[in-house]
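Descriptive structure summary
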Amino acid sequence: MKLIDIQRHFFRIKGDENVYFCIEAETRTDLNVKAVNYIQANNDGTLPFGWETLQTRRITGEQLKNIIIDEGDLGMAYVLLVLD
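This report concerns the structure included in the present document. (Residues numbered from 1 in each chain as written. Predicted model: local features only at pLDDT ≥ 70, side-chain atom pairs only at ≥ 80, totals over all residues. Heavy atoms only, no water.)

1. Quick notes on the pairing of strand 2 (residues 16–27)
Walk down a regular strand and you will see the side chains alternate between the two sheet faces. The sheet contact formed by strand 1 (residues 10–13) and strand 2 spans three bridges and is antiparallel. When the bridges of strand 2 are listed, I13 appears paired with D16. Pairing of strand 2 with strand 3 (residues 33–40), which is carried by seven bridges, proceeds in the antiparallel orientation. Paired with Y20 across the two strands is Q40, which belongs to strand 3. Connecting strand 2 to the antiparallel partner strand 3 that follows it, the hairpin turn spans five residues, and L31 within it adopts a positive phi of roughly 70°. (Pairing = 2+ DSSP bridges. Helix = DSSP H or I, 4+ residues; strand = E, 2+ residues; numbered from the N terminus.)

Here it is as structure tokens:
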């Protein structure tokens, strides 16, 4: 998985019905992800109040294969600009 695929995106973990949000991902020099720091999101795909201050959890190594990225959202890496 590449950084752009997970950074600031919602995702699930195989076998777990909760929704999570990637706060930060660490990469190797080839931009393949080696670790994901995340928080639990609301199950409706929104972030909880005060999410910026929540303690993060971490996924590394073989566990990264269990991540299922939500394809339907754009994550927070994208911003919609409305021009008049």
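2. What to know about the packing of aromatic side chains
One pass over the full model with this rule turns up five aromatic pairs. With centroids separated by 5.1 Å and ring planes inclined at 80°, the aromatic side chains of Y20 and Y38 adopt a geometry described as edge-to-face. A residue pair is termed long-range when its members are at least 10 positions apart, and Y20 in strand 2 and Y38 in strand 3 qualify at 18 residues. Accessibility assignment for this pair places Y20 and Y38 in one class, buried. Counting every residue linked through ring pairs, the aromatic cluster contains F10, F21 and W51. (Phe/Tyr/Trp six-rings, centres within 6.5 Å; stacked < 30°, edge-to-face > 60°. Buried < 20%, exposed > 50% of the residue type's maximum accessible area, 1.4 Å probe, protein only.)

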